[in-house]
Amino acid sequence: MASVKIPEQKVILCGEYGVGKSSLFRRYTTNTFVTATDRQSTLGLDHFDRQYNVGGKEIRLQLWDTGGMERVASITSSYYKFAEAAILVFSLDNPASFHVLSQHLLDIVTYAENAKIFLCGNKSDLEGQSPQVTENDMEHFCEQCHNLISATYKTSCKTGQGVDEMFADIAQHLVESNRSRLELQSMDTESFKITPPDDVTEPSCLC
Amino acid sequence: MDEEYDAIVLGTGLKECILSGMLSVSGKKVLHVDRNKYYGGESASITPLEELFTRFGAPAPDDGYGRGRDWNADLIPKFLMANGSLVKLLIHTGVTRYLEFKSVEGSYVYKGGKISKVPVDQKEALASDLMGMFEKRRFRNFLVYIQDVKEDDPRTWKDMDPNTLTMQQIYDKFGLDKNTQDFTGHALALYRDDEYLNRTAVETVRRIKLYSDSLARYGKSPYLYPMYGLGELPQGFARLSAIYGGTYMLDKPIDEIVLENGRVVGVRSGQEVAKCQQVYCDPSYVPERVKKTGQVIRCICLMDHPIPNTRDALSTQIIIPQKQVGRKSDIYVSLVSYTHQVAAKGWFIAMVSTTVETENPEQEIKPGLDLLGPVRQKFVSVSDYYEPTDDGLNSQIFISASYDATTHFETTCLDVLDIFRRGTGEDFDFSKVKLDLGDEEQ
């Protein structure tokens, strides 16, 4: 929007059904947690903006959830479009959810080539129980995908541990990588979002 | 899949996705299934380029076409009217937040073997090469009348009541010649044939106003086109449906629509049966409940240059009115390009389409193809146009019509809103869409 001066950075959550993507989303939006999978509580919620200050520079992260479309592998390619960052989420107590991430990674590099990619092991409160995905496994994964992964995190949506830190760190990464790119982008394209006609106070062009 | 739903939607074409979104938002439990692995059905944008070549049985593209996945080729060419029904639907449902658009740069009309810019305001009318000097003045007076006239205010009618006079009578009152009537009816009011001449003028007045109001919103032309192709539209509405609880399944064959006493009770895929109260679907899922009412020919043309005589526009629409080439229906030419992320750098996709009238449809689109200049690769398809045989009220199976040859989405939206009304017994309540949370511009 022309009226928003701080650039929004679209951040998407990717990963298997049940690893805690919507829980991360709920922590991010309302800082709450519900145990059972309760779609009701995020029904109609599309994405959520939160502002971060990184070394005096304002940045707005816009977090998007899948809406449950991954359940039968039916995520739209549009979901990835315009994403600046993608968080690959798996459950630390579920190795299968970790090993399948290469497929999700492929989707990200196909549909959102420019997105920075982050790896997030969720459910760290269950650490110590087996089976487990170890730090070693995570490092190994990062090496295998040729350092496409910008950073790795461990979070627990149940306790809230590591969640805020992760998003703050992602904001930092985006500010650093975007410094030059944002300036390039501003002269790149003259495409725009459609806005309702009545409350247009200035030209609604993104250029 | 073995659950009970209020509605099952079959096919993820644009119409079905809009319906699915509106049903989910209205609180219905929706299962949305497609037999294909991808979203969009007939209204998909095909990517990568190799897939398009395979689809039409052509040998794989050579290296000259750039990177295959930079291509998103529409199967059905359409633009959005900037002030039209689809844009209103996008705004009211919030789906506009998933999309970015560009204005289409040029809108042209064909006359006597060459193309001219469509004149829409008084200034352009006076500068246009479509009319002689005296005709220009008459056309200008006509435009002023259209601009000022209000359907329900007799003081604006200037003794010409658009509610009772036919369009032909209005044209005659202004003394417009056949040629001017032609581009007014076909390039401004966007009629496909000449039947409108004998109907009351009010509908045509509305259509011309839609054209000029649309033009006023973003300039250049009244048309918009989404980045990454039209296939983004159904996906946007699918996401709307999903975030309101809709369940999505792609790559799922449908073997049977299960009926009891002539009324739908479920949908079967293999051994699984999903129960439901209603089914919404496109014609391809119910061949026995639709009738073929015509054919549309579409020709996709890959080119490495813009259309000649369009000032190198990177996107264009050209309308060839039926009479100019001795036909009963218009020929449409549309062009989009790399600037919309639908083709590799330096490439353009043109589409020529029309309603089939003869045994040799390829010959029918020749006047359109002749305007394009050299074409690197051509894909021709002739598709049947289907309409449902009944209104679905007894069976509770609501079927959309195929996509017609028009170049915009006005008829598409009318069909969708009509189906929704038949299926739910009410008009869609836009206030049910939550736009406040996480949407700072509201």
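Since we're looking at a predicted model, the values are computed, not measured.

**Observations concerning the overall build of chain B**
So, step 1. The helix and strand tally for chain B stands at 12 helices and 19 strands.
So, step 2. Projecting the C-alpha coordinates of chain B onto the three principal axes gives extents of approximately 70 × 60 × 50 Å.
So, step 3. Counting the 442 residues in chain B, one finds 60% classified as buried.
So, step 4. A total accessible area of about 17,500 Å² is found for chain B, and carbon and sulfur atoms account for 48% of it.
So, step 5. Distance from the positive charge centre (53 side chains) to the negative charge centre (64 side chains) of chain B: 4 Å.

**Remarks on the pairing of strand β9 (residues 223-226) of chain B**
Residue and element names in this part refer to chain B.
So, step 1. Side-chain alternation along β9 places Tyr223 and Tyr225 on one buried face and Leu224 and Pro226 on a second face that is also buried.
So, step 2. Where strand β5 (residues 80-81) meets β9, two bridges bridge the pair, whose relative direction is antiparallel. Residue pairing in the sheet places Met81 in a bridge with Tyr223 of β9.
So, step 3. Note: strand β6 (residues 101-103) against β9, three bridges, orientation antiparallel. In the strand pairing of β9, Phe101 is matched with Pro226.

**Some points on the domain arrangement of chain B**
Note: interface size is frequently given as the accessible area lost on complex formation between the parts.
All names here are of chain B.
So, step 1. Split into domains, chain B comes out as domain 1 (4-43 + 231-290 + 387-432), domain 2 (57-82 + 92-105 + 292-385) and domain 3 (118-218).
So, step 2. Distance from the C-alpha centre of domain 1 to the C-alpha centre of domain 2: 27 Å.
So, step 3. With 25 residues of domain 1 at the contact, the number on the domain 2 side is 26 residues.
So, step 4. Across the domain 1 to domain 2 interface the summed buried area is about 2,200 Å²; carbon plus sulfur atoms make up 64%.
So, step 5. Contact with domain 2 buries surface across domain 1, with Glu387, Ala405 and Thr407 losing the most and accounting together for 26% of the total.
So, step 6. Here domain 1 is connected to domain 2 by one salt bridge.

**What about unusual backbone geometry?**
A negative phi holds for most residues other than glycine; trans holds for most peptide bonds.
Residue and element names in this part refer to chain B.
So, step 1. Cis peptide bonds are those with omega within 30 degrees of zero, and the linkage from Thr47 to Pro48 qualifies with -10 degrees.
So, step 2. Residue position: Pro48 is located in the loop between β3 (45-46) and α2 (49-55).
So, step 3. In this structure, Asp159 is a non-glycine residue whose phi angle is positive, near 65 degrees.
So, step 4. Structurally, Asp159 can be placed in the loop between α5 (133-148) and α6 (167-174).
So, step 5. Positive phi values are uncommon outside glycine, yet Asp312 reaches one of about 55 degrees.
So, step 6. Here Asp312 is to be found in the loop between β14 (290-303) and β15 (316-320).
So, step 7. Under the relative-accessibility criterion, Asp312 is labelled exposed at 55%.

**Some points on the side chain of Lys10 of chain A**
Residue and element names in this part refer to chain A.
So, step 1. Positionally, Lys10 belongs in strand β1 (residues 8-14).
So, step 2. It turns out Lys10 is buried and unbridged, and the closest side chain with the opposite charge, Asp46, is 8.0 Å from it.
So, step 3. One polar contact links the side chain of Lys10 to the main-chain carbonyl oxygen of Tyr79, over a distance of 2.9 Å.
So, step 4. Those residues in contact with Lys10 that lie beyond four places of it in its chain are Gln62, Trp64, Ser78, Tyr79, Lys81, Phe82, Ala83, Glu84 and Ala85.

**Describing the sheet that holds β5 of chain B**
So, step 1. Pairing in this open sheet of three strands is antiparallel, and the strands run β5-β9-β6 (chain B) from one edge to the other. The open sheet has two edge strands, β5 and β6 of chain B, and neither has a second partner.

**Brief notes about the packing of helix α3 (residues 85-93) of chain B against helix α9 (residues 232-243) of chain B**
All names here are of chain B.
So, step 1. It is at 11 Å that the axes of α3 and α9 come closest, and there the two elements cross at 30 degrees. By the angle between their directions, the pair α3 and α9 is classed as roughly parallel. Once α3 is placed against α9, the crossing between them reads as left-handed. Between α3 and α9, the residues in contact are Leu86, Leu90 and Thr93 and Leu233, Phe237 and Leu240, respectively.
So, step 2. In the contact of α3 with α9, the residues fall into five nonpolar, one polar and no charged.

**Quick word on the sheet that holds strand β4 (residues 85-91) of chain A**
All names here are of chain A.
So, step 1. Sheet architecture is open: six strands sit in the order β2-β3-β1-β4-β5-β6, paired in mixed fashion. Edge positions in the sheet fall to β2 (47-54) and β6 (149-154), since each has one partner strand and no second. For this sheet the average axis-to-axis angle between neighbouring strands, irrespective of direction, equals 25 degrees.
So, step 2. Helix α1 (residues 21-30) rests against β1, β2, β3 (57-64), β4 and β5 (116-122) of the sheet, and its axis sits at about 60 degrees to β2.
So, step 3. Where helix α4 (residues 135-144) meets the sheet, it contacts β4, β5 and β6, and its direction lies at approximately 165 degrees from that of β6.

**A few points about the packing of aromatic side chains**
So, step 1. The final tally for this structure, using the stated rule, is 30 aromatic pairs over all chains.
So, step 2. Seen in terms of ring centroids, Tyr28 of chain A and Phe48 of chain A are 6.2 Å apart; in terms of plane orientation they differ by 90 degrees. Their pairing is edge-to-face. In this pair, Tyr28 of chain A sits in helix α1 while Phe48 of chain A sits in strand β2, placing the two residues 20 residues apart along the sequence. Take Tyr28 of chain A and Phe48 of chain A: they sit in the same class, and that class is buried.
So, step 3. Look at Phe142 of chain B and Phe174 of chain B: their rings are 5.6 Å apart centre to centre, the planes differ by 80 degrees, and that puts the pair in the edge-to-face class.

**Describing the confidence of the model for chain A**
So, step 1. When pLDDT is averaged along chain A, the result is 83, and 82% of the positions lie at 70 or above.
So, step 2. Predicted confidence for residues 199-207 of chain A stays below pLDDT 50, and this span has 18 contacts to residues more than four positions away or in other chains.

Conventions we followed
- Residues numbered from 1 in each chain as written.
- Chains lettered and ligands numbered in written order.
- Predicted model: local features only at pLDDT ≥ 70, side-chain atom pairs only at ≥ 80, totals over all residues.
- Heavy atoms only, no water.
- Helix = DSSP H or I, 4+ residues; strand = E, 2+ residues; numbered from the N terminus.
- Buried < 20%, exposed > 50% of the residue type's maximum accessible area, 1.4 Å probe, protein only.
- Areas by Shrake-Rupley, 256 points an atom, 1.4 Å probe, with all protein chains shown as cover.
- Lys, Arg positive; Asp, Glu negative; His and termini not counted.
- Charge placed at Lys NZ, Arg CZ, Asp CG, Glu CD.
- Pairing = 2+ DSSP bridges.
- Domains from an automatic or database assignment.
- Contact = heavy atoms within 4.5 Å.
- Buried area = accessible area lost by both parts, 1.4 Å probe.
- Salt bridge = Lys/Arg side-chain N within 4 Å of Asp/Glu carboxyl O.
- Polar contact = N/O pair within 3.5 Å; in protein donor to acceptor, adjacent residues only side chain to side chain.
- Axes fitted to C-alpha atoms, helices over the stretch in contact; angles between N-to-C directions.
- Parallel < 35°, antiparallel > 145°, perpendicular 65-115°, else oblique.
- Left-handed = near helix turned anticlockwise from the far one by under 90°.
- Nonpolar A, V, L, I, M, F, W, Y, C, P; charged D, E, K, R; others polar.
- Phe/Tyr/Trp six-rings, centres within 6.5 Å; stacked < 30°, edge-to-face > 60°.
- pLDDT = per-residue confidence, 0-100.

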